[in-house]
Amino acid sequence: MDLLFRLSMAVLPIWVLVGASGSPLQAQELEPPSQEEIHEARTAPLFASHEVLSLTLEADFHTLKREDRSVDSEEERPAVLRWANPDGSADSLDIQVRTRGNYRLQRRNCEFPPLRINVKKKSTKGTLFDGQDKLKLVVTCKLGQDYWEQYVLMEYGTYRTLNALTDLSFRVRLAQVTYVDTSEEDEPFTRYAFLIEDDEMMALRNGGKRIEWSAGQLDPRLLEHHHAILVDVFQYMIGNTDWSGVEMHNMELFQTFDDIPSTIPFDFDFSGLVNTRYATPDPSLPIRRVRQRLFRGFCPGDMGRDPEEYEAVYELFREKKEEIYDAWRAIEGLERDRLEETLEYFDDFYETLDDPGRIDSRMLRACRRLGG
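No experiment lies behind these values; they were computed from the predicted model shown.

Chemist: Just checking my understanding: could you explain the sheet that holds strand S7 (residues 172–181) for this structure?
Modeler: In sheet architecture, strand pairing relies on hydrogen bonds along the backbone and comes in two forms, parallel and antiparallel. Read around the closed barrel, the seven strands follow the order S2-S3-S4-S5-S6-S8-S7; overall the barrel is mixed. Averaged over all pairs of adjacent strands, the angle between strand axes in this sheet comes to 40 degrees, irrespective of strand direction. Sitting on the sheet, helix H4 (residues 146–165) is in contact with strand S6 (134–138), S7 and strand S8 (189–196), with an inclination near 20 degrees to S8.

Chemist: How should I be thinking about helix H7 (residues 307–319) in this particular structure?
Modeler: Side chains of residues three or four places apart in an α-helix project in the same direction, reflecting 3.6 residues per turn. Look at H7: 19 Å from first C-alpha to last across 13 residues, which is about the 18 Å you get at 1.5 Å a residue. Along H7, the residues classified as buried are Tyr310, Val313, Tyr314, Leu316 and Phe317. Across the axial projection of H7, the buried residues extend over an arc of 155 degrees, all falling on one side. Projecting away from the buried face of H7 at angles above 90 degrees are the exposed residues Glu308 and Glu319. Contacts from the buried residues of H7 go to H4, helix H6 (225–237), helix H8 (321–329), helix H9 (336–353) and helix H10 (356–363).

Chemist: Would you explain empty space enclosed by the protein in this entry?
Modeler: Scanning the model with the defined rule gives five cavities of 30 Å³ or more in all. Of the voids in this model, the largest cavity is the one considered here, and its volume is about 100 Å³. Leu223, Asp232, Trp243, Gly245 and Phe298 are the residues nearest the centre of the largest cavity, which is lined by 13 residues in total. Sorting elements by how many residues they give to the lining of the largest cavity places H6 first, with three residues. Of the residues contributing to the lining of the largest cavity, the split by class is eight nonpolar, two polar and three charged. Counted as a void, the second largest cavity has a volume near 80 Å³. In terms of lining, the second largest cavity is formed by Arg104, Val139, Cys141, Trp148, Tyr151, Val152, Glu155, Asp269, Val274, Thr276 and Tyr278. Split into classes, the residues belonging to the lining of the second largest cavity amount to seven nonpolar, one polar and three charged.

Chemist: Is there a simple way to think about the layout of surface pockets in this case?
Modeler: A water-sized probe rolled over the atoms picks out the places where empty space is left. If you add up the space inside the second largest pocket, you get close to 310 Å³. Taken together, Glu51, Val52, Leu53, Ser54, Trp83, Ala84, Asn85, Pro86, Leu128 and Arg173 form the lining of the second largest pocket. Across the lining of the second largest pocket, the residue classes tally to six nonpolar, two polar and two charged.

Chemist: Mind showing me how you'd approach the packing of aromatic side chains here?
Modeler: The description of two aromatic rings rests on the distance between their centres and on the angle between their planes. Tallied over the entire structure, the rule returns 23 aromatic pairs. The interplanar angle of 75 degrees and the centroid separation of 6.1 Å between the aromatic rings of tyrosine 236 and phenylalanine 295 together place this pair among those described as edge-to-face. One end of the pair, tyrosine 236, is in helix H6; the other, phenylalanine 295, is in the loop between strand S11 (261–265) and H7, with 59 residues separating them in the sequence. Accessibility expressed as a relative area gives 4% for tyrosine 236, which makes it buried. Owing to a relative accessible area of 1%, phenylalanine 295 belongs among the buried residues under this scheme.

Chemist: So what exactly am I meant to see when it comes to the state of the cysteines here?
Modeler: Here a disulfide denotes a covalent bond joining the sulfur atom of one cysteine to the sulfur atom of another. If you walk through the whole model with that rule in mind, you get two disulfides. Disulfide pairing is shown between cysteine 110 and cysteine 141; the S-S distance is 1.9 Å. The S-S bond linking cysteine 110 to cysteine 141 shows a torsion near -105 degrees; that makes this disulfide left-handed. Taken together, the residues span a long stretch of sequence, with cysteine 110 in the loop between strand S4 (90–99) and strand S5 (115–118) and cysteine 141 in the loop between S6 and H4 at a distance of 31 residues.

Chemist: Any chance you could explain a negative patch on the surface here in plain terms?
Modeler: Taken together, the side chains of Asp337, Glu341, Glu344 and Asp347 make up a negatively charged region of the molecular surface. Within the fold, glutamate 344 resides in helix H9.

Chemist: I'm lost on the sheet that holds strand S10 (residues 251–256) in this one. Help?
Modeler: Strand order in this open sheet of three strands is S9-S10-S11, and the pairing throughout is antiparallel. Of all the strands in the sheet, just strand S9 (208–211) and S11 have a single pairing partner and so form its edges. When strand polarity is set aside, the average angle formed by the axes of neighbouring strands in this sheet is 35 degrees. Running at roughly 20 degrees to S11, H6 makes contact with S10 and S11 of the sheet.

Chemist: Help me out: how do you make sense of unusual backbone geometry in this one?
Modeler: As a rule of thumb, non-glycine residues mostly have phi less than zero, and peptide bonds are mostly trans rather than cis. Although it is not a glycine, methionine 248 sits at a positive phi angle of roughly 60 degrees. Structurally, methionine 248 can be placed in the loop between H6 and S10. Even without being a glycine, aspartate 267 presents a positive backbone phi close to 65 degrees. With respect to the helices, strands and loops of the structure, aspartate 267 is situated in the loop between S11 and H7. Relative accessible area serves as the criterion here: at 23%, aspartate 267 is assigned to the partly exposed category.

Chemist: How should I be thinking about the environment of alanine 90 in this particular structure?
Modeler: With respect to the helices, strands and loops of the structure, alanine 90 is situated in strand S4. If we ignore the near neighbours within four places in the chain, the residues touching alanine 90 are Trp83 and Asn85.

Chemist: Any chance you could explain the environment of serine 54 here in plain terms?
Modeler: Relative to the helices and strands, serine 54 is located in strand S2 (residues 53–59). Between the C-alpha atom of serine 54 and that of leucine 174, which follows or precedes it by 120 residues, the distance is 9.1 Å. The contacts of serine 54, once residues within four sequence positions are left out, are Arg82, Trp83, Ala84 and Gln176.

Conventions used here
Residues numbered from 1 in each chain as written. Predicted model: local features only at pLDDT ≥ 70, side-chain atom pairs only at ≥ 80, totals over all residues. Heavy atoms only, no water. Pairing = 2+ DSSP bridges. Helix = DSSP H or I, 4+ residues; strand = E, 2+ residues; numbered from the N terminus. Axes fitted to C-alpha atoms, helices over the stretch in contact; angles between N-to-C directions. Contact = heavy atoms within 4.5 Å. Expected span 1.5 Å × (residues − 1). Buried < 20%, exposed > 50% of the residue type's maximum accessible area, 1.4 Å probe, protein only. Arc of directions from axis to C-beta. 1 Å grid on protein atoms, 1.4 Å probe; cavity = no way out; pocket = protein on both sides within 12 Å on 5 of 7 lines; lining within 4 Å. Points joined across faces, edges and corners; volume = space filled by probe spheres on them. Nonpolar A, V, L, I, M, F, W, Y, C, P; charged D, E, K, R; others polar. Phe/Tyr/Trp six-rings, centres within 6.5 Å; stacked < 30°, edge-to-face > 60°. Disulfide = S-S within 2.5 Å. Patch = residues over 30% accessible without salt bridge, like charges linked within 9 Å, V, L, I, M, F, W, Y side chains within 5 Å. Areas by Shrake-Rupley, 256 points an atom, 1.4 Å probe, with all protein chains shown as cover. Salt bridge = Lys/Arg side-chain N within 4 Å of Asp/Glu carboxyl O. Lys, Arg positive; Asp, Glu negative; His and termini not counted. Charge placed at Lys NZ, Arg CZ, Asp CG, Glu CD.

No statement about biological role is implied by the geometric values presented.
Shown next as structure tokens:
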């Protein structure tokens, strides 16, 4: 959070990002996947269940924790991933691991860095990881206090909340992971963690393609209306301001094969819902705590988005309320106090959503407009 939020004032400039034929994403020609490929992505066993996995990850964590973590490293290290199948049989894969991330990657912030695991897609056939390739693993930042592990469970629940609202979201799988240091310098330890679906698999499951965006600011008028409004309201629901669909901050760009782009959010540890000790809002914003909600979406009636489209999104949130609450109640390991605080935080959101006056006065008062 820095310069990008200074760009998101009440009135925004109009971005013109189009190719020779007027198509903003024309340069990346997309070949539609087969129905079989889409089916395989949708039925991938790793994300077919919410049952908590028991995993063992063996690697030289002593070196990995101490290497230069000032930048996102591309260096992969050999590792072994082990698990037990439902029938009790043991299984394993030789994999590669590397550090990743931004804030949580830095040693001064986190003792144990976030990881990306490469499970080598060709070797996964017939296993729990069938069809997977590169997966993010969200881990406990520090090992000394239990609340760090609660943050992992809270962020996991946040992804599950978005999953309940739209398939255009990253699926997640909770696990208890035992980390075994192959250098034998550090003692093994076990903590909750969760795996995040590979972005290419997420796109394939939805019949589209992840797009690498490096063309500057993304014109928000290009986005599919319903999903764009849903993301805006979701970010308000969870009290998140650490994102931008214009600067593509904590967003992936997805495009269907009929050329309609959408942005997919990720990374919610700076949200008011997760409420980590290190989360603070950008100084340019008119809030002082991340628990204070601030709507960062565009105003109804702007960019061709009709007020009726917003109401359709509000109704979806209302319809999914009990499913969302039940998903949180089912999270293994989540402390009762955290659960109660979460549901109360959601109650406040739904009280706003059920009152048109509050929607205008508490939510849309800060909406952004696209102008010249």
